[in-house]
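A look at the structure
Here are the chains, one letter per residue:
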Amino acid sequence: MNIVEVQDLRKQYDPPKGVLAVDGVSFDIAQGEIFSLLGPNGAGKSTTISMLSCLLHPSSGDAFVDGHSVVTASQAVKEAIGVVPQDIALYPDMSARENLLFWGKMYGLAGAELHTRVDEVLELITLVDRQKDRVEKFSGGMKRRVNIGVALLHKPRVLYLDEPTVGIDPQSRRAILDGILALRDQGMTILYTTHYMAEAQELSDRIGIVDHGRMIAVGTNDELVKIVGEEAHVDLRVDHYLEGMVERWAEVHGVTKAMIDEDHAVLLVQDANEVLPRLFETAAAAGSRITEVNVTEPNLEMVFLHLTGRALRE
Amino acid sequence: MSRIVAIAWKDLRSTMRNVPALAMMLLAPLALAALLGFAFGGGQSFSISATKVAVANADTGAAGAAGAAENAGAVVAGVLKSPDLKDIVTVSEKPSAAAARRSVDDGKTAVAIVIPADFSSAIFGTSSTAQKTAVEVYENPTQEIGGAITESIVGQALLGFNGARAAAVAASGLATANGEGDRAGKRAQQAAAKYVQGGGAAAAVSVTQRAPRLPGGESTKDVGVTGTILAGMMIFFMFFGANNVARTILDEDRAGTLPRLFTTPTPRHTILGGKYSSVFVTVTVQAVILLVAGRLIFSIDWGRLDAVAALTLVAAAVASGLALLVISLVRTPAQAGAIGAGVYLVLALVGGNFTGTAAAGGTYANIQKLTPNGWLLQGWDAVMRGGGLADIVLNLLVPLGFAVAFFAVAVLRFRKRYA
Amino acid sequence: MKRVWILASKDFLETRRDRLALLFTVVMPLAFTAFFGLMFGGGSDRLPLAIFSADSGAPATQLVSALAKSGVVKTETMTKDDAEKAVDDDKVAAALEIPAGFSADLAAGRPAQLTLVSTAGSSGAQTVQTEVTALAGELAAGERASQAAAAVAGVPPGSDPAAGEQALKDAALLMARPLAAQSLAHPVATVRVIEAGTAAGQIPTGFVLSSPGMLVNFILFSLLTAGIALIQERRNFTLRRLMTTRVRRWELIAGKAVGMFVLTFVQQIILIGAGQLLFGVDYLRDPAALLLMMVALSLVASTLGLLLAAVLTSEQAMVATTVIVSMSVAALSGAWFPLEITGSAFQFVGHLLPTSWILEGLRGIIVRGWNVPDVLPAFGVALVWSAALFAIAVWRFRLSD
C-alpha cells in the first residue's frame, strides 16, 4: 500500500512570471520501500521535498502522506514524517544530547519517554560516548549522523533525506548508506533525493528521475535502464587500421552497431561478456591490436542522457 | 506552553555560553557606569575642578573715600584669590591684558579678567555723572561653566563697589534734601564706609540649598550619579541584549534550524512565540543581574521593590518589542547589527540614557518623552528618589504602549514572512 | 600601491550594495542632528522656578518681580506643598522659599535667608542658584545702601522733635531707597563678557558646541558596519584566498583601511555639511583647518576599526566591542559632556586620546577662530595614534579563523 501519494504537484515562485520550480510531479511510494528522486542540481528535488514537508504551499496539486493531505492536514503529516535537511540544521553550541532533547520536545516528546528515546537514537547513530560534546566540534560525518538522528526521535513513518551525502568522506558516506538500508530493513519508508547515480542505484527500490521540475521517468533500476535498451557501450582503440576494424566488427554476431568516434570505435553490443572475445579474435585475424577497451553497462546516466540530451552531472 | 519554555530556555542557555554577548549585556553597562561615575568623582553629585583664571590688573588706582590712594582693581583680584574660592578658581596674575587674553587663546586658562586703568577713578569718582567702567571677562566659549562661575564672582565683587556708591549717592541726596548740601560729600563718604563695614550685599542675603520635603513627612533621598547612569546604561544595553536574541531568528533561518522547526508538529505560532519569549526572558534576566550588581558593587539603592519590578518588566517589554521590530524589518544578520545599533544609539541619545537627569521641565525633558526609554528613565529617577508605583503610572503605561505597538508590527511581519 | 586602491574600491562597491545598512549609517546621524538642531538651535530656554513666599513685604515682592523679568528663569508662584512636590516630580528645576522674616531682616540690617529647594544632581539647580543669588544680591545691596545712607543722615530741618529716632530713620530710609535704587540701576562698574574668538556679545548656542561631539560619536559608531563586513569576508574565506594571490599582506590591510577611511570621510562630509548649511555651525570658517581635523578623525576611526576587525573573530564580538569602545572613547573625549566638569583623573585620561584633541580642534574652529597652526597639534596626535593602531593591526591581523 502506498504511504506517499504525490499528485501533480506544482510550485511557482512569485507568480505569474516567476520561476516554475516544480511543474507537475506525480509518484507514489509504497510502505517500506526506498524511493529516490534523482536529478541534477536545480531539478526541483528540494522544492518537492519542501512541499512534502509542508514548508512550502504547492501552487497546485496535492500530496498525501499516510492518508493526510499536505495542503489541509499539515499537522498530521508532520507527525508522520521525519525530515533530514541537506544542510546541517543543528545548534552548534549545544551538545549532541542537548540537541536531541530539544528537538525531541519540539516533536512532542516529554519526560522519561523523551530521555529513553534520546538514548536509543544515540545508540542508533553510535554517538553515545560523544553525546556531551558540542556539535560544533564534530566532524562533518558525525554532524550528519546527529542530523539524521534528530529526524528519528519521534519514530516517523516516512523519512525524507535531502542529499545527505554531499561533500563528505567516503567512510562516512558508506556508514550513512548502510544506516539507511538498516532503517529500511526495520520497516521505515524512505524518500531520498540525490544527484549521485551510484547511490540511487544501490539504495533504491524505485527511482524517479526529475529534470527542470518534471518527472521524466519512474520505475525500478531495471525498468529504467530498459529505456536505453539493454545494450552496452564498448569503446575500443587499435594500433592501426581503425576503419577496417570497424567494418569487420560491425559484422560480428552480437554487435548491433559500430561507429567511429574520432580516434576510437564505439560499439553497441547485446552482451559485452559474450561479444568481447569475438572482437579480440576479429582484430587478431585482421592483424590489428586492441590497445584500449572500455565497457559501459547501461545505467541511469545513460538513461538521463537519452531522455534529456544532457549529462546527469552538469 | 512547555515548548515555548523549551525554546526560551534553549536561547537563554545559548546566550549564557556566548561570551561577546555577555560582555555586551553585563560587562559593558557596569564598566561604563563605573567609568562615568569615576568621571564625576564617584560622589553624590557633579564636582568640578577649579577653573583657571588669568587676571590682568591695569588699574592705576585713585584717591579713595578716605582720601588715601586705593586700588579697586586689586580688591577685585583679591576677591578672586581669596582662600574661600580656592576650590573654585585658580588665579594667575598676568602683566598685561594682552598676556591675559593670550593665555586663554593658548588654552592655558579658561578665563581672563582684564581690569582697566580707569577702574578706580571711575569707582571712586565723586561726580554723579561719573564715567562708567567695565571689567572684561574674556572667556573660552567651550568652557561655559568656568565662564559662568567667573562672571558670577566678578559680578559679586562689582556689586560691592556699586552698592557702596549707591549708599554714597543716597546719603548725598539725603544731605542735600536736609539742607546740608555742604556736607553732602562727607555724608557720602561715611555712608560708603558704613556700607562696606556692614559687609555689604554679601552679608545681607544668603541662599542655602536643601532637598524637597514632601507633605507626608517623607523626605526624598538624594540619588547618586552612578545610579542614574547605570539605569540609563542598563536600558541601552538591554536593547542590544534583546537584539542579539531576536537576531537568532534570522540566523536560524539561514542556518536551517528555523525551517526545520517548521517541519516539526509544533505549530508555527508556538515556535515564533517561543522566540519572542526568549527575547523577553533574556533581557529580564539581564536586567535583574544588573540591578543586583548595581546594589552590590556600587551600593545603589534602587527604591521600592514593587516599583522597581514594574519598571524592570516594562523595560524588558520595550527592549524586546523594539528588537523584534528591527529584526522583522531587516533581511540579513549583518543589517540587524548595523541598523539596530543605529536605532538604539539615536533612541538613547534622545531619551537621555547617557546624560542623566535632564534639567527639569526644560525642552530636553520633554524631548525625552518622545522615546519609551525617556519615560522609563524619568520613572527610574522618581523611584530612586523614594517614589512608589502611584508616582510612575504614566512612566509605566506609555512605554508599555510603545512596546505593544512594536510587538504588534513585528508579529504581523513575521507572520507574513513565515506564512 | 595600485593594488591597495583596487582592494579598497571593491570594498566600497560591496558596501554601496548593502543599501539599507548604508542608509542607516548616513540617515540616522543626519536625522538626529536635524532633530537636535531644531530643538536646541534657538538658544537655551528658561529654567522653570517655583516660588513660595511667606513674606509680603516690599523687598520680597521686589525680588519676585525681579525674578519674573529674568531671562534665565521662568517663575511660577505656588503653595509650599505644591512647590516641594513640583521639585520632587521634576516639573521645576528648583523652588525658592522666601521665609516670613525676609523683608524684616533686610530692613533691619540683619542677614536674610533664602532657601532653594532642589534635588541633588540637577544641573539646572546650579544655574538657578547663581541667578537667584545675583538678583537677591542686588536687592540686598540696594537695601543695605539705603540703610547706610539713612544711618549717617542728619536730622532733616523742620522735623518734629517729638518724633523718635526710629521714625526719623524710617523717614530717611524712605527717601534713601529710590536714590539707591536709581544708582544701582545705572551702576558704574559692569561686567563685559567676551567669548574669545567671536565678536563681543556673540554667544554660541548649546547646539553649536555639541555638534562636533555628536559627529565624533557617530563616526566612532559607524565602525560597526565596516568592521562587520570585514569579519564576514574573513568568514567567507575570500580573505584567505586573496592572500594566495600576489597581494602582499600589508597591501591587503591597507586596502581595508582605505575603504574605512573613505566611508567615514563621506559620513563626515554629510554631517558637517548639514551642520553648516542647516544649523549655521560655522565649520567652514577655516576650510584648511577643518580638512585637517576631518582627515585626522577618519584616520583614527579607520585604524581603530581596522584593529578591532583584525583582532576580533565574530560579528557579535565586533558589535559588542565597538559599542563599548566607541562609547568610552566618546565619553572620555568630551563628546557627551564637557571635560571641564569631570575630575582631574578623568580629564587626564581623556587628554591622552586623539579624539579629545580633535574635538577641541573642531570646537576651536567653530567658536574660537582657530586656524591651521592651532589645530596642528591635534593633527599630530591623531597621526601618531593612527600609525600605532595601524601597526598593531597589521601585526595582529588574522586572515582566517
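To continue, consider the overall build of chain C. Within chain C one finds 16 helices and five strands. In chain C, which comprises 401 residues, the proportion classed as buried is 53%. If you take every contact in chain C between residues at least 6 apart in sequence, the share linking residues at least 24 apart comes to 78%.

We now examine the overall build of chain A. Along its length, chain A carries eleven helices and 14 strands. With the C-alpha coordinates aligned to their principal axes, the bounding extent of chain A is approximately 80 × 50 × 35 Å. Residues classed as buried in chain A amount to 39% of the 314 residues present.

Helix packing for two helices is described by the angle between their axes and how far apart those axes are. Residues and elements named next belong to chain B. Closest axis-to-axis distance for the helix α12 (residues 305–329)/helix α15 (residues 372–384) pair is 11 Å, and the angle between their directions is 165°. By the criterion of interaxial angle, the relationship of α12 to α15 is roughly antiparallel. Relative to α15, α12 is oriented so that their crossing is left-handed. Here α12 contributes Ala307, Val308, Leu311, Val314, Ala315 and Val318 to the contact with α15, which in turn contributes Pro372, Asn373, Leu376, Gly379, Trp380 and Val383. Considered class by class, the residues forming the contact of α12 with α15 number ten nonpolar, two polar and no charged.

What links the strands of a sheet is backbone hydrogen bonding, and the strands pair in either a parallel or an antiparallel sense. Residues and elements named next belong to chain A. Read across the sheet, six strands follow the order β6-β7-β8-β3-β9-β10 without closing on themselves; strand pairing throughout is mixed. Strands at the two margins of the open sheet, each flanked by one partner only, are β6 (81–84) and β10 (214–219). Taking the axes of each pair of neighbouring strands and ignoring which way they run, one obtains an average angle of 15° across the sheet. As defined by bridge partners, strand β7 (residues 158–162) adjoins strand β8 (residues 189–194) across five bridges and the pair is classed as parallel. Bridge pairing in β8 places Leu159 opposite Ile190. Where helix α1 (residues 45–52) meets the sheet, it contacts β3 (34–38), β7, β8 and β9 (206–211), and its direction lies at approximately 150° from that of β7. Against the sheet, helix α5 (residues 140–152) contacts β6 and β7, and its axis sits at roughly 165° relative to β6.

Further remarks concern the interface of chain A and chain B. The interface of chain A with chain B comprises 19 residues on the first partner and 17 residues on the second. When contributions to the side of chain A that touches chain B are tallied by element, the ones reaching two or more residues are α2 (74–80) and α3 (96–106) of chain A. Here the side of chain A that touches chain B is composed, by residue class, of eleven nonpolar, three polar and five charged.

Turning our attention to the sheet that holds strand β5 (residues 68–69) of chain A. All names here are of chain A. Ordered in space as β2-β1-β4-β5, the four strands form an open sheet in which the pairing is antiparallel. A strand with exactly one partner marks an edge of an open sheet, and here the two such strands are β2 (20–30) and β5. Two elements, strand β1 (residues 2–12) and strand β4 (residues 60–65), share five bridges in a ladder whose sense is antiparallel. Note that in β4 the partner of Arg10 across the bridge is Ser60.

Residue and element names in this part refer to chain B. Here helix α9 (residues 225–255) crosses helix α11 (residues 268–298) at 155°, and the two axes come no closer than 9 Å. Regarding the angle of α9 to α11, the classification is roughly antiparallel. Our pair here, α9 against α11, has a crossing hand that is right-handed. Residues Thr226, Leu230, Met234, Met238, Gly241, Ala242, Val245, Ala246 and Ile249 of α9 pack against Lys275, Ser278, Val279, Thr282, Val283, Gln286, Ala287, Leu290, Gly294 and Phe298 of α11. Taken together, the residues of the contact of α9 with α11 break down into twelve nonpolar, six polar and one charged.

Between chain C and chain B, the contact holds 109 residues from the first and 115 residues from the second. The biggest single contributor to the side of chain C that touches chain B is helix α6 (residues 123–152) of chain C, with 21 residues. In the side of chain C that touches chain B, the residues fall into 63 nonpolar, 29 polar and 17 charged. Pairing of strand β6 (residues 133–139) of chain B with strand β5 (residues 189–195) of chain C involves seven bridges; the strand directions are parallel.

Residues and elements named next belong to chain B. Strand β5 (residues 111–115) sits mainly inside the fold: five of its five residues count as buried. Because side chains alternate across β5, one face comprises the buried residues Val111, Ile113 and Ile115, and the other comprises Ala112 and Val114, equally buried. Pairing analysis gives five bridges linking strand β1 (residues 51–57) to β5, with the strands arranged parallel. Of the residues in β5, the one forming a bridge with Val55 is Ile113. In this sheet, β6 lies alongside β5 in antiparallel orientation, the contact comprising four bridges. Pairing of Ala112 across the sheet is with Tyr138, part of β6.

Residue and element names in this part refer to chain A. Relative to the helices and strands, Gly18 is located in the loop between β1 and β2. A sequence separation of 49 residues divides Gly18 from Gly67, and the C-alpha atoms of the two residues are 31 Å apart. With near-sequence residues (within four places) excluded, Gly18 lies in contact with Gln12 and Tyr13.

Looking now at the domain arrangement of chain A. For chain A, the assigned domains read domain 1 (2–226) and domain 2 (231–297). If you average the C-alpha positions of domain 1 of chain A and of domain 2 of chain A, the two centres end up 44 Å apart.

Okay, unusual backbone geometry next. Despite not being glycine, Thr126 of chain A has its phi angle at roughly 50°, a positive value. Relative to the elements of secondary structure, Thr126 of chain A occurs in the loop between α4 (111–124) and α5. In this model, Ser299 of chain B sits at a positive phi of 55°, which is unusual for a non-glycine residue. Take Ser299 of chain B: it is sitting in the loop between α11 and α12. When the 10 C-beta atoms within 10 Å are taken as the criterion, Ser299 of chain B is described as exposed.

The rules behind the values
- Residues numbered from 1 in each chain as written.
- Chains lettered and ligands numbered in written order.
- Predicted model: local features only at pLDDT ≥ 70, side-chain atom pairs only at ≥ 80, totals over all residues.
- Helix = DSSP H or I, 4+ residues; strand = E, 2+ residues; numbered from the N terminus.
- Buried ≥ 20, exposed ≤ 12 C-beta atoms within 10 Å, placed from the backbone.
- Contact = placed C-beta atoms within 7 Å.
- Axes fitted to C-alpha atoms, helices over the stretch in contact; angles between N-to-C directions.
- Parallel < 35°, antiparallel > 145°, perpendicular 65-115°, else oblique.
- Left-handed = near helix turned anticlockwise from the far one by under 90°.
- Nonpolar A, V, L, I, M, F, W, Y, C, P; charged D, E, K, R; others polar.
- Pairing = 2+ DSSP bridges.
- Domains from an automatic or database assignment.

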